[in-house]
Amino acid sequence: MKTIACIGAGYVGGPTMAMIAAKCPDLTVLVADVNADRIRAWGTDTLPIYEPGLLPLVRQARGRNLFFTTDVAEAIHRADLIFVSVNTPTKTYGQGAGLAADLQYWEKVAREILAHSDRDKIVVEKSTLPVRTAEAMARILHSDGGRIRFDILSNPEFLAEGTAVKDLENPDRVLVGGDLETENGRRAVEALADIYRRWVPRERVLTTNVWSSELSKLVANAFLAQRVSSINSISALAETTGADVGEVARAVGMDSRIGGKFLRAGIGFGGSCFKKDILNLVYLCRNYGLTEVADYWESVVRLNEYQKTRFVRNMLKAMFNTIAGKRIAVLGFAFKADTGDTRETPALTVCRELLAEHAEVVISDPAALDNARREFGDTAHIQFEPDPAQAAAGAHALVFLTDWDSYRHLDFAALYHGMVKPAFLFDGRNFLNHRELFHLGFNVYPIGSQPLTHLAAGGPGPGQDGPVGLWVCGLWGKTGLASDGSDGSD
Ligand code: NAD
Ligand code: UGA
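So, how was this worked out
Counting of residues starts from 1 at the beginning of each chain's written sequence and follows it residue by residue. Chains carry letters and ligands carry numbers; both start at the beginning, A for chains and 1 for ligands, and go up in the order they are written. Residues qualify for local features only when their pLDDT is at least 70, as the model is predicted, and side-chain atom pairs are given and counted only at 80 or more; totals for whole chains, interfaces and linings, by contrast, use all residues. Only hydrogens and water are set aside; all other atoms, that is, all heavy atoms of the structure, feed into the side-chain values. Salt bridges are counted wherever a side-chain nitrogen of Lys or Arg sits within 4 Å of a carboxyl oxygen of Asp or Glu. Centre distance within 6.5 Å is the pairing criterion for rings of Phe, Tyr and Trp, where only the six-membered ring of Trp is used; planes under 30 degrees apart are then read as stacked, over 60 as edge-to-face, and the remainder as tilted. For the purposes of this entry, the term helix denotes a DSSP run of H or I that reaches at least four residues, the term strand denotes a run of E that reaches at least two, and both are numbered from the N terminus. The rule is short: NZ of Lys or CZ of Arg within 6 Å of the ring centre and within 35 degrees of the ring normal puts a charge over the ring. Residues are counted as near a molecule or strand when any one of their heavy atoms sits within 4 Å of it. Two N or O atoms form a polar contact when they lie within 3.5 Å of each other; inside protein one atom must be a possible hydrogen donor and the other a possible acceptor, and for residues adjacent in sequence the pair counts only when both atoms belong to side chains. Here, Shrake-Rupley sampling with a 1.4 Å probe gives the accessible areas, and only protein chains in the shown set may cover a residue.

A. Examining the pattern of salt bridges more closely. Applying the stated criterion across every chain yields a total of 31 salt bridges. The salt bridge partner of Arg197 is Glu190, with a shortest N-O separation of 2.9 Å. Asp255 is the partner of Arg257 in a salt bridge, and the nearest nitrogen-oxygen pair spans 2.9 Å. Via salt bridges that share partners, Lys275, Glu305, Lys308 and Glu344 belong to a single interconnected network.

B. Examining the packing of aromatic side chains more closely. As enumerated under the stated definition, the model contains 18 aromatic pairs in all. Both rings, one in Phe320 and one in Phe424, keep their centres 5.7 Å apart while their planes meet at 75 degrees; by these two values the pair is edge-to-face. Of this pair, Phe320 sits in the loop between α12 (291-318) and β9 (327-331) while Phe424 sits in strand β13 (residues 424-427), and the two are 104 residues apart along the sequence. One residue, Arg173, lies across the ring of Phe158, its end atom 3.6 Å from the ring centre. One Lys or Arg, Lys421, reaches over the ring of Tyr416 and ends 4.7 Å from the middle of that ring.

C. Looking closely at the site of ligand 1. In the region of ligand 1, 27 residues are neighbours, and Asp33, Arg38, Thr88, Glu161 and Lys276 sit closest. At 2.9 Å, a backbone N or O of Thr128 approaches an oxygen atom of ligand 1. One of the side-chain nitrogen or oxygen atoms of Glu161 is found 2.9 Å away from a nitrogen atom of ligand 1. For ligand 1, whose free accessible area comes to 830 Å², the fraction covered by protein is 92%. Looking at the shell around ligand 1 element by element, the count peaks at three residues for helix α5 (residues 104-115).

What follows is the structure in structure tokens.
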């Protein structure tokens, strides 16, 4: 094995190949994409994706054994092993629209591989694909009578954005699926596994059959998303019962059988994959007549939609049932911190709903502002402001939708000073110090616990101490504030 290629230089193809090139200096790694702008950017110090630690990794190998190119045919021709890491979005048309994966990019690549190969090759599914896609690929690749042998492997990627470099350097596991029944199949599996074994401990490189590998990827994402929806469902209950979802998550997560990760309640999960992959699983189950199973997984996505809408509904109630004409500063637009990616970001739904209420929306984000601009095009009543302090100036409310670390260190006293009073703060990620903010004068609305507000009749003002119970308004998820500005409780 001398040369490997990767078709698709996106969030997965770019970082994954940079890691392989850095760890295997004896291999030549060609990353090919039809998107010329992307390929150009990979050759500069302004990479096309924002990912901590990625630039030094790319620089380590770029020009040595890592090359970015738009010449897909040449990359295919030269490679002994080809990763396919193209996008597999949800289909928006025809059969399975809204659920199934759109495999047009994937199939196009399969046909290109066949057209530009003149010797045996290993082809690796890196993209997340429906179960049994490898079988379809095998049929396409062998459609000219088997002139060349292609061994098809599944090697799903488990990196998360924002921690991609860390995840690739030290993965929980690497999964290689192949035809373990044949000698050729086993050899191909071992060839790929050996690449990872250069830096991943042997016991973490798992080999399995192709279908199990494909299904494991969908299931891993479905389980992770299910945990987020589970805790978010409890956040709604906590708001109506007076419990604190953070405390509940801590107590529940300390059970070693459950574990503490992925139990942060918030505005809902986003990102290009959770929803897409669950819907893919749902489609698969429906296809096989497993209605109950399909319904079960679909409810994870439904709950996520509910959580986003519920957040805006609560905002509206808190702000006297009208936000028309009010300046709302949205701080954070990326679907999570440490990425500029805005695909399926919950912030998009929230902003659209705020605009539908005729709010004046100002969006700020340290890495996702260009993508945010693209999402909204020429939409009226929306502004983009890199400086959070400028975004907050003159605002009625601050709405935190991404938990950027830099936001923890904002000068909140100054922000409060420049805002219209009463000043509202909605923490869609539950990551700020709510009590401190309350003492600065903000009316603070977390997710999954009671708001801290100065609005209840007779309550102390900003900076004053007193029995919180007197001025915390009751059960905001249920009642919120009444339109007269009282807390709506007895
Ligand atoms: P992406 O959209 O960032 O990148 C895909 C790239 O493929 C694009 O640059 C596109 O131009 C290119 N492409 C499409 N058709 C092509 C063709 N015929 N020839 C050459 N290039 C072509 O997508 P991504 O986020 O990198 O995801 C890729 C796959 O990996 C998806 O299946 C996704 O589900 C999966 N995945 C993504 C993540 C993630 O964090 N983003 C993590 C794990 C798995
Ligand atoms: C996820 C998986 O974690 C990766 O293993 C997988 O490879 C990837 O999807 C994929 O297939 O694309 P990613 O979407 O990049 O990675 O990011 P996550 O950290 O999983 O977060 C997803 C969403 O859930 C974010 O919006 C995040 O804010 C939200 N989340 C996560 C919560 O609301 N609460 C939590 O406790 C955890």
